[in-house]
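Spelled out, the chains give:
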Amino acid sequence: MSSSTTPEQSSPPFKLILHCEDGSPPYLTPILLAKNFPTTNRVVRDHLVLGIEVRNSFVSPVYGPRPSDRKNGRKKEKDEKSPPASRQGSNISNNDSAMSSVACSITKPTGYTFSGRPLFKHLGIPNDYDVMACPSFDLIDNCVADMPVAATNAETSLSTPRGYQRITPELYRDVVRKMEAPSFVGLYDQASSVKNTKRARRSVERTKSWLATTVSDSVTDKEEEVEGEKTDPCPKMWAPVVGEEDMALRLECIHHAINQKAPLRGFALIGIHHVGDRQARNTLLQSCMKDIPRNMSCAVLVANDMVQILDAARNGVRYIGSALPTNLARCHKALALDLYGWRRYHENDEGERQRVNMCRRIEERSTLGDGCISLDDGIFVKDTVPFVKDCSCLACTHHSRAYVHHLINANELLAQILLFVHNLHHVLAFYDEMSQATSMEKQDIFIAHIEKQLMIRNLQAL
Amino acid sequence: DVDFTKRVSWRKFHPYPPPEDTNDTAAATGTAASSSSSPQSSSATGTSPHLPYVPPGTAPVFTAASPALCHHVHATSGRARATTVHLPHGSVPTPVFMPVGTKGSLKGLTPFEITSDPALDCPIILANTYHMALAPGTDLLGEVGGLHDFMGWDRPILTDSGGFQMVSLLKLALITEEGVTFENPFDDDVDNNDNKNDKDDDGPDAEDIGQSSSTSTLAAGTAPSKKKRRMLLRPEDSIRHQNLIGSDIIMALDDVVSSIEQDDERFTIATYRTLRWLDRCRSAHANPKTQNLFPIVQGGLDTAVGGLREKCLAGFRIRDEWVPGYAIGGLAGGESKDDFWRVVDQCCRALPDDKPRYLMGVGYPLDLVVCTALGVDMYDCVYPTRTARFGVALVPGEAPGTLRLKSNDCSGDDSVIQEGCECQACKNGYSRARLHFLLKAGNPLAAQLMTNHNVAYMMSLTRGMRKAIMEDRYPEYVKSFVGDQFRGRDAGGEDVPTWVREALASAGIDV
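If you're wondering where the values come from, they're calculated on a predicted model, not measured in any experiment. (Residues numbered from 1 in each chain as written. Chains lettered and ligands numbered in written order. Predicted model: local features only at pLDDT ≥ 70, side-chain atom pairs only at ≥ 80, totals over all residues. Heavy atoms only, no water.)

This part covers the overall build of chain A. The helix and strand tally for chain A stands at 16 helices and 16 strands. Every one of the 462 residues in chain A was classed for burial, and the buried ones make up 58%. Long-range pairs, those at least 24 residues apart, make up 74% of the contacts in chain A with a sequence separation of at least 6. Only carbon and sulfur atoms are counted for the fraction: they give 48% of the accessible area of chain A, which is about 19700 Å². (Helix = DSSP H or I, 4+ residues; strand = E, 2+ residues; numbered from the N terminus. Buried < 20%, exposed > 50% of the residue type's maximum accessible area, 1.4 Å probe, protein only. Contact = heavy atoms within 4.5 Å. Areas by Shrake-Rupley, 256 points an atom, 1.4 Å probe, with all protein chains shown as cover.)

Now for the packing of aromatic side chains. Residue and element names in this part refer to chain B. If you walk through the whole model with that rule in mind, you get twelve aromatic pairs over all chains. Look at Trp10 and Tyr326: their rings are 5.7 Å apart centre to centre, the planes differ by 80 degrees, and that puts the pair in the edge-to-face class. Taken together, the positions of Trp10 in the segment before helix 1 (25-29) and Tyr326 in strand 13 (residues 326-328) put the pair 316 residues apart, joining distant regions of the chain. Each member of the pair, Trp10 as well as Tyr326, carries the same accessibility label: buried. Considering the side-chain rings of Tyr364 and Tyr383, the 4.4 Å spacing of their centres and the 70 degrees angle between planes classify their relative orientation as edge-to-face. Of this pair, Tyr364 sits in the loop between strand 14 (357-359) and helix 13 (365-374) while Tyr383 sits in helix 14 (residues 383-389), and the two are 19 residues apart along the sequence. (Phe/Tyr/Trp six-rings, centres within 6.5 Å; stacked < 30°, edge-to-face > 60°.)

Turning to the interface of chain B and chain A, a few remarks are in order. Each side of the interface is counted separately: chain B has 41 residues, and chain A has 42 residues. Carbon and sulfur atoms supply 60% of the area that chain B and chain A bury against each other, a total of about 3300 Å² over both sides. Applying the counting criterion to the chain B and chain A interface returns three salt bridges. Notably, a salt bridge pairs A:Arg117 with B:Asp414, separated by 3.2 Å at the nearest N-O pair. Linking chain B with chain A are 15 residue pairs in polar contact (both at pLDDT 80 or more), by the criterion used here. (Buried area = accessible area lost by both parts, 1.4 Å probe. Salt bridge = Lys/Arg side-chain N within 4 Å of Asp/Glu carboxyl O. Polar contact = N/O pair within 3.5 Å; in protein donor to acceptor, adjacent residues only side chain to side chain.)

Our focus in this paragraph is helix 10 (residues 306-314) of chain A. Residue and element names in this part refer to chain A. Most of helix 10 sits out of view: eight of its nine residues are buried. For helix 10, the set of buried residues is Met306, Val307, Gln308, Ile309, Leu310, Asp311, Ala312 and Ala313. For helix 10, the N-terminal cap is Asp305; the gap from its side-chain oxygen to the backbone nitrogen of Val307 is 3.2 Å. Looking one or two places after helix 10, you find Gly316, whose phi comes out positive at around 95 degrees.

Moving on: the sheet that holds strand 12 (residues 266-269) of chain A. Residues and elements named next belong to chain A. Strand order in the closed barrel formed by eight strands is 1-2-5-8-11-12-13-14, and the pairing between neighbours is parallel. Recorded for the sheet is a direction-independent mean angle of 25 degrees between the axes of neighbouring strands. The pairing of strand 8 (residues 183-185) with strand 11 (residues 237-241) spans two bridges and is parallel. Bridge pairing in strand 11 links Val185 to Trp238. Sheet strands in contact with helix 8 (residues 247-259) are strand 11 and strand 12, and its direction is about 150 degrees off that of strand 11. (Pairing = 2+ DSSP bridges. Axes fitted to C-alpha atoms, helices over the stretch in contact; angles between N-to-C directions.)

The subject of this paragraph is helix 11 (residues 308-317) of chain B. Residues and elements named next belong to chain B. Counted residue by residue, helix 11 has nine buried out of ten residues, so it is predominantly covered. For helix 11, the full list of buried residues reads Leu308, Arg309, Glu310, Cys312, Leu313, Ala314, Gly315, Phe316 and Arg317. In the core, the buried residues of helix 11 are packed alongside helix 10 (264-284), strand 12 (296-297), strand 13 and helix 12 (337-350).

What follows covers the sheet that holds strand 5 (residues 125-128) of chain B. Residue and element names in this part refer to chain B. Strand order in the open sheet formed by four strands is 5-6-10-11, with parallel pairing between adjacent strands. Single-partner strands in this sheet number two, and they are strand 5 and strand 11 (292-294). On average, adjacent strands in this sheet sit at an angle of 25 degrees to one another, irrespective of strand direction. Helix 9 (residues 235-245) rests against strand 6 (157-160), strand 10 (249-251) and strand 11 of the sheet, and its axis sits at about 165 degrees to strand 10.

What follows covers the pairing of strand 11 of chain A. All names here are of chain A. In terms of burial, strand 11 is largely enclosed, as five of its five residues are buried. Side chains Met237, Ala239 and Val241 of strand 11 all project onto a buried face; the interleaved residues Trp238 and Pro240 project onto the opposite face, where all are buried too. Note that strand 11 and strand 12 share four bridges and pair parallel. Across the sheet, residue Pro240 finds its bridge partner in strand 12, namely Ala268.

For the structure on display, the rule yields 50 salt bridges over all chains. The partner of B:Arg276 in a salt bridge is B:Glu177, and the shortest N-O contact between them spans 2.8 Å. Here B:Glu177 lies in the loop between strand 7 (173-175) and strand 8 (180-183) and B:Arg276 lies in helix 10, a separation of 99 residues in the sequence. Overall, B:Glu177 belongs to the partly exposed group, its relative accessible area being 22%. Three or more residues joined by partner-sharing salt bridges are found here, namely A:Arg278, A:Arg281, A:Asp311, A:Arg314 and A:Glu451.

If you look at the biggest cluster of nonpolar residues, it comprises 255 residues, and the most contacted ones within it are A:Phe267, A:Phe430, B:Leu359 and B:Tyr474. When residues in this core are grouped by element, the largest group, 15 residues, is from helix 15 (residues 413-439) of chain A. Dropping the residues within four chain positions of it, B:Tyr474 is found in contact with B:Ser77, B:Ala80, B:Leu368, B:Val369, B:Thr372, B:Ala373, B:Met465, B:Ala468 and B:Ile469. Judged by nonpolar contacts, the second largest core, of 18 residues, contains B:Val85, B:Ile249, B:Met360 and B:Met378. (Core = buried A, V, L, I, M, F, W, Y, C linked by side-chain atoms within 4.5 Å.)

Turning next to the pairing of strand 7 (residues 163-167) of chain A. Residue and element names in this part refer to chain A. Where burial is concerned, most of strand 7 is hidden: four out of the five residues are buried. Sheet topology note: the strand 6 (residues 156-160)/strand 7 ladder contains five bridges and is antiparallel. Paired with Ser157 across the bridge in strand 7 is Arg166. Taking the residues that link successive antiparallel strands as the turn, the strand 6-strand 7 hairpin has two residues.

Right, let's get into the packing of helix 8 of chain A against helix 9 (residues 278-291) of chain A. Any two packed helices are characterised by how steeply their axes cross, that is the angle between the axes, and by the distance between the axes. All names here are of chain A. The interhelical angle for the contact between helix 8 and helix 9, taken along N-to-C directions, is 20 degrees, at an axis separation of 10 Å. For the element pair helix 8 / helix 9, the angle class is roughly parallel. The crossing of helix 8 and helix 9 is right-handed. Contact with helix 8, carried on its side by Met247, Arg250, Leu251, Ile254, His255 and Ile258, involves Thr283, Leu284, Ser287, Cys288 and Asp291 of helix 9 and no other residues of that element. Looking at the contact of helix 8 with helix 9 residue by residue, the classes come out as six nonpolar, three polar and two charged. (Parallel < 35°, antiparallel > 145°, perpendicular 65-115°, else oblique. Left-handed = near helix turned anticlockwise from the far one by under 90°. Nonpolar A, V, L, I, M, F, W, Y, C, P; charged D, E, K, R; others polar.)

Listed below in structure tokens is the structure:
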């Protein structure tokens, strides 16, 4: 068991790992990011982590003759269509057509690979934001056309904008090292959700074996590397935990990582959201959390809705990744939960206790509302009030439901921008309230308060 | 009484010659009503007085004659002017480019960014009456206090009258003396139930229009389908819509004809109809104290002495007393650049110098530089924002002055679009490679950043022009800009186009 301490030991707020599409916070130009979510804001500082995927942010073109041409020392016939060879560092997309000659265009890539570079500069993100990098938030979610994730013991495939590209643990280690990310999830293999036990077993074995490759380079800020300042080494790496619904496989991943006795930031639970049954998902989370050392954090990389976020939080997961603000914005929805009503509950009130108990019983229910209002609804045509009363986000302070309804009808991009800004603001406030409730030992009350609202399927009817 | 053997002009100041047409004594004297220090007219000697300058920062004075617009001219450099147009919602320094927010939104930019980003800081935007009438509807806008409140924009807005749609939606339009009947382009519900169509019909049937008097004008192509919903836009309707929108500057509904139309009779009809519609617009205008009605000069490409443009200008001259500013229309429709600049030149020579001049639908950076030299103050065009969404960035340098970010050349280019640019993309280090990647990925952030860059480029361009004018070095500015774009074939570039040379020569600038 690692003796390394983590920054979360003393004060563990809940943190949103915001899924950044293509490496950038969605819809947020630098000025919008600075204005609406500055790190000088306590809520942002305490609860926002930008999640970056290597698969779509650090893909780089390869120019020049393909390795197979150099090796064979021969020119290809013009009409030859043989598939390109695949080698580490020169992976070529299966979608690329074969070259017609060795002397290729210097401007047209001959293939794609992964290459690291300082991520803050490369992605245009200010370096005072917390960032977690990962190969992918979920390999299965990014599968193309239901094709299973192709992997061998030496490498796996990541779905990129340029097709599937193969990556070895060595290459991944090299990429994340050059990224200089504050933290990153180790490379993992992931079986599809189809219950193929052999495949699941292989994914665990590969994930375990790849862990060692990257864990040794996972400490940041060695004292001699920081000018004039002594800093405590902070583990950067999150150990991936795979195994889909198989509890034993998941625990095996956890125990293996612990036994490495290497500095780890925590454990990243992969694919929890694929467990459809809410009860089973909660049981899995509970079991994993029981075996994870208390001084280490746990992350769920993907939570698709508020219920999954609540379930993860209820089980002690502090880092919860989600694209919920983005996905809701694209569905023209604005989060409209009352985040503060839980503070009015009094435990001495019998009626309140009954309400809380009732909500605990409904935690097994899996079909709930989403806590949103749908701005494409015609009832908002003339509604000149903000999305949510007293919300201090840019959208609510400067615009109205009617305006965004119009933008949606007019198919204007501004609708999604404003909805996203509001939703992210709302989710961060949610995480903040959840953190405060937990620290006050009133997490049950908070969760019950939220779930009660999620039971209302049509919030805009209120 | 207009002497059409001579050029029409009025209220002209140095360096323009005094009006040739001496029928209008006010025009002949060329005196400025607002200044007491202007030199006396020297029309007898053939020279014009200097346009009275007002120091920048001078507070506007709205008068009974112009209760919603105050125009201050700060400096001139040749025929170029640096002015400030004071409007009810704010002041607009010129030369100015107005980004187009057709449906009440600049695509991909929040009002916050447009005002707070120093590289943008757009003083005025444009919205389109036709589209706003379709959605969300101007009645709604009237109920919520106007477009300013609706979209959260507190600076000036200019609205087009819907006239341009006569050209852009020509196949869906039927133009008569009464107005324009548009077929709703968004109405896919082709209902075969005639009863329902009659109920929804808010305009005359196409057959009735076709059988009416000779003043009717059928648009090229087929008449609007009886089965689709139609929208009748009369001058009164256009003004009513714009009154409800609450824009600072509203445009008169004009009879717009495509500049590449070959039918001279059509142009003649349109020119005189534009004057008649202007009177109807003025009569219908309910907010003259808070909204400025600009007429639009039409007349096709006929710049001959006594030609259609002159006819239109003469008509505006006799209405000048209540007109706060003028627009030049009927261009940017595919005509040759040679025809284009001659129309702009003629209109600037004719229109009064102490009122703002707005060139509609223009355009390309080079067009702005040339037309400012000719005396234009205001511009609008969808080009910068539209081309941004296609991944094309506006950049200084060789013609055409664009950079295609989707090109493979950019896929590995780690430099920013334009060094020294203060836009969100360049200032924050978004490389060409990064933007290339985002564009290829279809990430909306790419469109946002590209739009930000292109609008910033246009704002920088107009600010640069203004600064040069204020410092009385606009000819040098123009030469530098043109020389940068056209380095000559000997240098491996392009020669300065003939139309540019001739237009600038007319402005007294030798390139």
